[in-house]
Amino acid sequence: MKRPRPRHLLLAILLLGLLAPQWLRVPVQGASNRDWHPQSFWYEPWGRSGTHKGIDIFARQGTPVLAPSYGIVVFRGELDMGGKVLLMLGPKWRLHYFAHLDSYSARPGQPVLPGAPLGTVGSTGNAQGKPPHLHYSIVTLLPYPWRWDTSTQGWKKMLYLDPTPMLNEVAVDSRKTNQ
Ligand SMILES: [Zn+2]
């Protein structure tokens, strides 16, 4: 297989930034909006981070983590708190951060389609000893100053976006529709 040339990669990244509108799928196979707490974004106190800048989607260890949108994998590696993490750049200059992974299924530089496997759910980093879950954060590279509020570290809300409203459109609970 030919390696993607840096020029093509750059072009792909530029085009991704312009893609809109954005729709997201829940990045854990088989998960619905019952698998995370809707108020977990900016929950505090939250250990060394102060506030919780994402959501935790609970699933069995080894459950596939899937790309929530089009994107390109820009980083994967081990962090102190996040454990095995993977970063994907998606539409609208937004970074999607996946932490506590058990394993990786994608590598940096790889373009991905929605639903492409990125890794598996685990409990690495500071999730050790806790039930396996995917920590999922969305960070915009273009700050949104109007989102700044008076909550703890409220200025960081210019960068960290709440995934819940973006996921809720597609995260319908199948159990509800059966009632
Ligand atoms: Zn978390």
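Look up: the structure comes first, before these words.
This one's a predicted model, so the numbers in the text were calculated from it and none came from an experiment.

Rules used in this analysis
- Residues numbered from 1 in each chain as written.
- Predicted model: local features only at pLDDT ≥ 70, side-chain atom pairs only at ≥ 80, totals over all residues.
- Helix = DSSP H or I, 4+ residues; strand = E, 2+ residues; numbered from the N terminus.
- Buried ≥ 20, exposed ≤ 12 C-beta atoms within 10 Å, placed from the backbone.
- Pairing = 2+ DSSP bridges.
- Core = buried A, V, L, I, M, F, W, Y, C linked by C-beta atoms within 7 Å.

A. Examining the overall build of the protein more closely. Per the secondary structure count, the protein includes three helices and nine strands. Start at the N end of the protein and walk to the C end: the helices and strands fall as α-β-β-β-β-β-β-β-β-β-α-α. For the protein, the residues scored as buried account for 32% of the 179 residues in total.

B. Structural detail: the environment of Pro132. Tracing the backbone through its elements, the reader meets Pro132 in the loop between β7 (117-121) and β8 (133-140). Through-space distance from the C-alpha of Pro132 to that of Val121 is 6.5 Å; in sequence the pair is 11 residues apart.

C. Summary view of unusual backbone geometry. Between Glu44 and the following residue, Pro45, the backbone shows a cis peptide bond with an omega angle of -5°. Within the secondary structure layout, Pro45 lies in the loop between α1 (6-18) and β1 (55-58). Positioned with a positive phi, His100 is a non-glycine residue whose angle comes to about 65°. Examined against the element boundaries, His100 turns out to sit in strand β5 (residues 94-104).

D. View of the pairing of β8. Of all eight residues in β8, six are buried, a share of seventy percent or more. As paired elements, β1 and β8 share four bridges and run antiparallel to each other. Bridge pairing links Ile57 to Leu134 in β8. With six bridges connecting them, β5 and β8 associate as antiparallel partners. What sits directly across from Leu95, in β8, is Val139. Sheet topology note: the β8/strand β9 (residues 160-161) ladder contains two bridges and is antiparallel. Bridging from a neighbouring strand, Ile138 pairs with Leu161 of β9.

E. Local environment of the nonpolar core. Grouped together as the largest cluster of nonpolar side chains are 29 residues, with contacts concentrated most on Ile57, Leu86 and Phe98. Going through the elements one at a time, β1, β2 (64-66), β3 (71-79), β4 (83-90), β5, β7 and β8 are the ones with two or more residues in this core. Here the element with the most residues in this core is β4; it accounts for four residues.

F. Examining the pairing of β7 more closely. By the criterion of burial, β7 is predominantly enclosed, with four of the five residues buried. Note that β2 and β7 share three bridges and pair antiparallel. Directly across from Leu66, in β7, lies its bridge partner Pro117.

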